[in-house]
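Here is what each chain is made of, one letter per residue.
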Amino acid sequence: MKEYIEERAIAVANYIIDHKATVRQTARKFGISKSTVHKDCVDRLVKVNPGLAQQVRKILDVNKSERHIRGGMATREKYQHRLAICSREEH
């Protein structure tokens, strides 16, 4: 594995741990795809730093278990925002 990929995998992992970030947030921050973030954390990091990979795995598992809640909250906010706009237009 190339050195820059190892460094990126460690940087991505540290960001996720420090910020309790989701894969999507991390991808946006580093300018890479969600697939790359996931592959860095799940596959590549295990070979480079197994302890760090285990810490990241815990956070990713928590994020995965909570994603349906986040999705519901995002949908709720979206429709509340639309409702607020519609009510302003009526007045």
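Please read these numbers as outputs of a predicted model, since none were measured by experiment.

**Observations regarding the layout of surface pockets**
In step 1: Its volume calculated, the largest pocket comes out at about 380 Å³.
In step 2: Lining the largest pocket are 13 residues, and of these Thr22, Val23, Asn63, Lys64 and Arg67 sit closest to its centre.
In step 3: Among the elements of the structure, α2 (23-30), α3 (34-48) and α4 (50-90) are those that each provide at least two residues to the lining of the largest pocket.
In step 4: Per element, the largest residue contribution to the lining of the largest pocket is six residues, and it comes from α4.
In step 5: Grouping the constituent residues of the lining of the largest pocket by class yields two nonpolar, four polar and seven charged.

**Comments concerning the packing of aromatic side chains**
In step 1: According to the stated counting rule, one finds one aromatic pair in the structure shown.
In step 2: Ring geometry for Tyr15 versus Phe30: centroids 5.7 Å apart, planes at 85°, classification edge-to-face. With a gap of 15 residues between them, Tyr15 in helix α1 (residues 3-19) and Phe30 in helix α2 connect regions that are remote in the sequence.
In step 3: When its relative accessible area of 18% is taken as the criterion, Tyr15 is described as buried.
In step 4: Since its relative accessible area comes to 31%, Phe30 is described here as partly exposed.

Parameters and conventions
Residues numbered from 1 in each chain as written. Predicted model: local features only at pLDDT ≥ 70, side-chain atom pairs only at ≥ 80, totals over all residues. Heavy atoms only, no water. 1 Å grid on protein atoms, 1.4 Å probe; cavity = no way out; pocket = protein on both sides within 12 Å on 5 of 7 lines; lining within 4 Å. Points joined across faces, edges and corners; volume = space filled by probe spheres on them. Helix = DSSP H or I, 4+ residues; strand = E, 2+ residues; numbered from the N terminus. Nonpolar A, V, L, I, M, F, W, Y, C, P; charged D, E, K, R; others polar. Phe/Tyr/Trp six-rings, centres within 6.5 Å; stacked < 30°, edge-to-face > 60°. Buried < 20%, exposed > 50% of the residue type's maximum accessible area, 1.4 Å probe, protein only.

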